[in-house]
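Residue strings, one per chain:
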Amino acid sequence: MEANPSAACRPITACLLGAAFFGSLGSSFIYGYNLSVVNAPALYIKAFYNTTWNERYGQLLAVETATLLWSVTVSIFSIGGLLGALSVSIILKVLGRKGTLLLNNSLALIAALLLTLGERAKSFEMLIIGRLIIGVDSGIALSALPMYLGEITPRHIRGSIGQFNSILICLGVFTGQVLGLPELLGQESRWGYLFAFLALPALLQLCVLPFFPESPRYLLIERKDEARAEKAFQRFLGKKDVSQELQEVHAEARAQENQQTASMLQLLRSPAVRWQLITIITTMACYQLCGLNAIWYYTSGILREAGFAENLLPYITLSTGGIETLAAITSGLVIERIGRKPLLIFGFSAMAVFFSLLTVFLNFQDSVSWMPYLSFICILAVIASFCSGPGGIPFILTGELFEQSYRPAAFMIAGIVNWLCNFAVGLLFPIIQEKLQSFTFLVFVVVCVLGSIYLYVVLPETKNKTFIDISQSFAKINKIPVPSPGCEMEMVLSCKPDINGKVQDLTKMEISL
């Protein structure tokens, strides 16, 4: 389907930008912040665990127990994310996209309270439970937010607005690094305030997001509320006549006229979306298994080898967060020109190249004095490559490859894959690193190369296409009949605006797949 030239020239409305920013601020920003916030106060939290154990039981904390408690504190975030991903489909169906985001703020506020007061209450259990709850919050947010952004945005800028998710994740990571500096909150007497900061973005979203509309697609297809859907389209698009947009959603609704919102099991069994599902599982697995999390393990060591003073390391490490944010913003600006597929393939391929170079440089690091500088440049290049495409586009694709009835279940499966792979990397990477040492990154080279090949062969370009167009792109590989052009035209003509500009259901149409 061709793009509407007038739509491409229309400016983005303040309503759409506001919904994207504040929706992301209380969701993906909090997720990114929690990825980095525990790094700076790690030593102080471990000391708190030891002191609390000694006061409570009259003996020092054993090394094995201390390691176990810290491992649980870090990894339980992923377990919470998995629980959030498992529950998000039901919440989305009941409360809608915006309602789910607003409810999620309550979890962030409870978690901030537990994490902040844990030290004063001399309870490390409160910290662990707080990390679990903020993990649940992140698991829900990483499904509900991309779905909301994809459904409120015109297709010609769907990728750019969708990248708000990735940009705010990177900004959250960077904010956690900045606030964790010793001059700010990275001190023994202030580390509790690092967690108190979590409440700020949650409160901002809770105060502002209610003034923005719900997803018009959700209102029209699932709630059958055409009046509210029309008003939502008018506010998001900044125009009175939204009959064309309503027709598009009606066409999608008719294509699924006899379908209820699919469960996860129904989605797994459906042959009509088999390759969409395989593509999302593959892309989301590569998102976590491509090795970005492993990069942080080497950064400080490489900087020490380069001769930087220990007290300078936190400031130099800030460059990684800055590069992340800059690359994500650049990706958001070019995604509608270049497309999703080229950015994904470029990102994974570039990561494979720089991981290979990093492996070479690490092996010569002890023999050549300037080699650590090249290693650090490779680390920055890997981070920039990741954020140029693989860091945000998998979430956009999950919303684009599925029509309305399958979308909640698709995000649920994508979330499960995401968090399971996240947990697997945290569990297996220390073992792999111990066995392979500096050759560890060759494992990630293989993942990135295989991911690039799969995406090149299977994934169609989705930019500026309707959800129905994208589904039809997979029809051949799914081995289902493609509706004829005449059938598509009948679908569109079956909804015509009346004299009041409202779409009326004039004909019923049966679509047999």
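Residues numbered from 1 in each chain as written. Predicted model: local features only at pLDDT ≥ 70, side-chain atom pairs only at ≥ 80, totals over all residues. Heavy atoms only, no water.

Re the overall build of the protein
Phase 1: For the protein, the helix and strand inventory stands at 25 helices and two strands.
Phase 2: Evaluated residue by residue, the protein yields a buried proportion of 56% over its 513 residues.
Phase 3: Accessible surface for the protein amounts to roughly 21,900 Å². Of this, 67% is attributable to carbon and sulfur atoms. (Helix = DSSP H or I, 4+ residues; strand = E, 2+ residues; numbered from the N terminus. Buried < 20%, exposed > 50% of the residue type's maximum accessible area, 1.4 Å probe, protein only. Areas by Shrake-Rupley, 256 points an atom, 1.4 Å probe, with all protein chains shown as cover.)

Digging into the environment of Val 242
Phase 1: In this structure, Val 242 sits in the loop between helix 12 (226-237) and helix 13 (243-255).
Phase 2: For Val 242, a relative accessible area of 1% gives the class buried.
Phase 3: Leave out the neighbours within four places in its chain, and Val 242 touches Glu 230, Phe 233, Gln 234 and Leu 237. (Contact = heavy atoms within 4.5 Å.)

Quick look at the packing of aromatic side chains
Phase 1: The tally for this structure, following the rule as stated, stands at 18 aromatic pairs.
Phase 2: The lysine or arginine in question, Lys 341, covers the ring of Tyr 456, its NZ or CZ lying 5.6 Å from the ring centre.
Phase 3: Lying over the aromatic face of Phe 467, Arg 407 brings its terminal NZ or CZ to 4.3 Å of the ring centre. (Phe/Tyr/Trp six-rings, centres within 6.5 Å; stacked < 30°, edge-to-face > 60°. Lys NZ or Arg CZ within 6 Å of the ring centre and 35° of its normal.)

A look at the pattern of salt bridges
Phase 1: Within the structure shown, the criterion is met by twelve salt bridges.
Phase 2: Residue Glu 222 pairs with Arg 97 through a salt bridge whose shortest N-O separation is 3.3 Å. In this pair, Glu 222 is assigned in helix 11 (residues 216-222) and Arg 97 in helix 5 (residues 63-117), connecting sequence segments 125 residues apart.
Phase 3: Residue classification places Glu 222 among the partly exposed residues on the basis of a relative accessible area of 21%.
Phase 4: For Arg 97, a relative accessible area of 0% translates into the label buried.
Phase 5: For Arg 340, the salt bridge identified is with Glu 400, shortest N-O distance 2.6 Å. With Arg 340 in helix 18 (residues 340-363) and Glu 400 in helix 20 (residues 393-400), this pair connects stretches of sequence that are 60 residues apart.
Phase 6: We classify Glu 400 as buried; its relative accessible area is 1%.
Phase 7: One connected set of salt bridges, linked through shared partners, spans Arg 97, Glu 151, Glu 222 and Arg 407. (Salt bridge = Lys/Arg side-chain N within 4 Å of Asp/Glu carboxyl O.)

Comments concerning the confidence of the model for the protein
Phase 1: The pLDDT averaged across the protein works out to 85; a share of 90% of its residues lies at or above 70.
Phase 2: Taken together, the stretch residues 484-513 has pLDDT below 50 and engages in 47 contacts with residues farther than four places along the chain or on a different chain. (pLDDT = per-residue confidence, 0-100.)

Some thoughts on the side chain of Asn 418
Phase 1: Along the chain, the position of Asn 418 falls in helix 21 (residues 407-436).
Phase 2: Contacts of Asn 418, omitting those with residues within four sequence positions, involve Leu 142, Met 284, Tyr 287, Gln 288 and Phe 395.

Considering the environment of Ser 138
Phase 1: Topologically, Ser 138 is positioned in helix 6 (residues 124-152).
Phase 2: Taking relative accessible area as the criterion, Ser 138 reaches 0% and is therefore assigned buried.
Phase 3: Considering only alpha carbons, one finds Ser 138 and Ile 30, 108 residues apart in sequence, at a separation of 7.3 Å.

A few points about the state of the cysteines
Phase 1: This model, assessed by the stated rule, comprises zero disulfides.
Phase 2: Summary of cysteine pairing: Cys 448 is not part of a disulfide, and the nearest cysteine sulfur, belonging to Cys 290, is at 5.2 Å.
Phase 3: Classification of Cys 448 as buried rests on a relative accessible area of 0%. (Disulfide = S-S within 2.5 Å.)

Some details on the side chain of Ser 123
Phase 1: Summarising the element assignment, Ser 123 is placed in the loop between helix 5 and helix 6.
Phase 2: Taking the relative accessible area as the measure of exposure, Ser 123 reaches 12% and is therefore buried.
Phase 3: Side-chain polar atoms of Ser 123 contact the side chain of Glu 125, separated by 3.1 Å.
Phase 4: Engagement of the side chain of Ser 123 in a polar contact is seen with the backbone nitrogen of Met 126, the distance being 3.3 Å.
Phase 5: With sequence-adjacent residues up to four places away left out, Ser 123 is seen in contact with Phe 48, Arg 56 and Gly 118. (Polar contact = N/O pair within 3.5 Å; in protein donor to acceptor, adjacent residues only side chain to side chain.)

Section: the nonpolar core
Phase 1: Counting 142 residues, the largest nonpolar core has Tyr 49, Leu 267 and Phe 402 as the members making the most contacts within it.
Phase 2: When neighbours within four sequence positions are excluded, Leu 267 is seen to be in contact with Val 273, Leu 277, Phe 402, Tyr 406, Ala 409, Ala 410 and Ile 413. (Core = buried A, V, L, I, M, F, W, Y, C linked by side-chain atoms within 4.5 Å.)

A few points about empty space enclosed by the protein
Phase 1: Scanning the entire structure with this criterion turns up three cavities of 30 Å³ or more.
Phase 2: The calculated volume of the largest cavity comes to roughly 80 Å³.
Phase 3: As for the largest cavity, its lining consists of Pro 146, Leu 149, Gly 150, Arg 158, Gly 162, Asn 165, Phe 395, Ile 396, Gly 399 and Glu 400.
Phase 4: Of all the elements in the fold, those that place two or more residues in the lining of the largest cavity are helix 6, helix 7 (158-162) and helix 20. (1 Å grid on protein atoms, 1.4 Å probe; cavity = no way out; pocket = protein on both sides within 12 Å on 5 of 7 lines; lining within 4 Å. Points joined across faces, edges and corners; volume = space filled by probe spheres on them.)

Focus: helix 15 (residues 274-289)
Phase 1: In this model helix 15 runs 22 Å from its N-terminal to its C-terminal C-alpha over 16 residues, within 8% of the 22 Å that 1.5 Å per residue would give.
Phase 2: When helix 15 is considered as a whole, its buried residues turn out to be Gln 276, Leu 277, Thr 279, Ile 280, Thr 283, Met 284, Ala 285, Cys 286, Tyr 287 and Gln 288.
Phase 3: Positive backbone phi, approximately 105°, marks Gly 291, located one or two places after helix 15. (Expected span 1.5 Å × (residues − 1).)

A closer look at the packing of helix 18 against helix 19 (residues 371-387)
Phase 1: Between helix 18 and helix 19, the shortest axis-to-axis distance is 9 Å and the interhelical angle comes to 165°. With respect to helix 19, the element helix 18 is oriented roughly antiparallel. For the pair helix 18 and helix 19, the sense of crossing is left-handed. Contacts between helix 18 and helix 19 involve Gly 347, Ala 350, Met 351, Phe 354, Phe 355, Leu 357, Leu 358, Phe 361 and Leu 362 on the former and, on the latter, Met 371, Leu 374, Ser 375, Cys 378, Ile 379, Ala 381, Val 382, Ser 385 and Phe 386.
Phase 2: Across the contact of helix 18 with helix 19, the residue classes tally to 15 nonpolar, three polar and no charged. (Axes fitted to C-alpha atoms, helices over the stretch in contact; angles between N-to-C directions. Parallel < 35°, antiparallel > 145°, perpendicular 65-115°, else oblique. Left-handed = near helix turned anticlockwise from the far one by under 90°. Nonpolar A, V, L, I, M, F, W, Y, C, P; charged D, E, K, R; others polar.)

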